[in-house]
Amino acid sequence: WAIPLVGVSTIQGIFDYCFKKVRAAKLRDPPSLELIDFNDKLKLVNMDTSDKNTIASAKKEGLINSGLVDFIVTTLFHDGSGLFTDEHNGRAIALLRNPV
């Protein structure tokens, strides 16, 4: 599910285009650790992190350990945090809409 106007697409755009960070996002089947480069303007790894099953797949494939991604986007905080390890720590950004 998605809550409109909370800023997720804004944060993705800033990290994608301003900071030139690589994000995980499934673009085609099957999901893989393929790095897709859009003319040096946007780079995505073809891996989905939107639900429990795809997060489990990303963990099995070694998404974080691959070193290919700089950030992931998921609404499933606890499941998404399971992708990270002691060697590859994660950081969280929380967007809260007013009024909370």
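Data block above holds the structure.
Every chain's residues receive numbers from 1 upward, in the order its sequence appears when written. Where local features are concerned, this predicted model is filtered to residues with pLDDT of at least 70; where side-chain atom pairs are given and counted, the filter is 80 or more; whole-chain, interface and lining totals use all residues. Heavy atoms throughout the structure, all of them, feed into the side-chain values; hydrogens and water do not.

I would appreciate a short explanation of the packing of aromatic side chains in the present structure.
Planes of paired rings set the category: under 30 degrees apart is stacked, over 60 is edge-to-face and the rest tilted, where pairs are Phe, Tyr or Trp rings (Trp by its six-membered ring) whose centres lie within 6.5 Å. Under the criterion given, the structure shown has two aromatic pairs. Here the aromatic rings of Phe 15 and Phe 19 are separated by 5.6 Å at their centres, their planes lie at 80°, and the arrangement is edge-to-face. Each residue's exposure class comes from its accessible area (1.4 Å probe, protein chains only) as a fraction of the maximum for that residue type: buried when under 20%, exposed when over 50%, partly exposed otherwise. When its relative accessible area of 22% is taken as the criterion, Phe 15 is described as partly exposed. Pairing Phe 15 with Phe 71 gives two aromatic rings, centres 4.9 Å apart and planes at 45°, and the pair type is tilted. Here Phe 15, found in helix H1 (residues 8–18), pairs with Phe 71, found in the loop between helix H2 (52–61) and helix H3 (77–81); they are 56 residues apart in sequence, far enough to count as distant. Secondary structure elements follow DSSP: runs of H or I no shorter than four residues count as helices, runs of E no shorter than two count as strands, and numbering proceeds from the N terminus.

Can you help me understand unusual backbone geometry in this one?
Most peptide bonds adopt trans geometry, and most residues besides glycine take a negative phi value. In this model, Asp 29 is joined to Pro 30 through a cis peptide bond whose omega is -10°. Relative to the assigned elements, Pro 30 resides in the loop between strand S1 (23–24) and strand S2 (35–38). Residues other than glycine seldom take positive phi values, yet Asp 40 does so here, at roughly 60°. With respect to the element layout, Asp 40 can be found in the loop between S2 and strand S3 (42–45).

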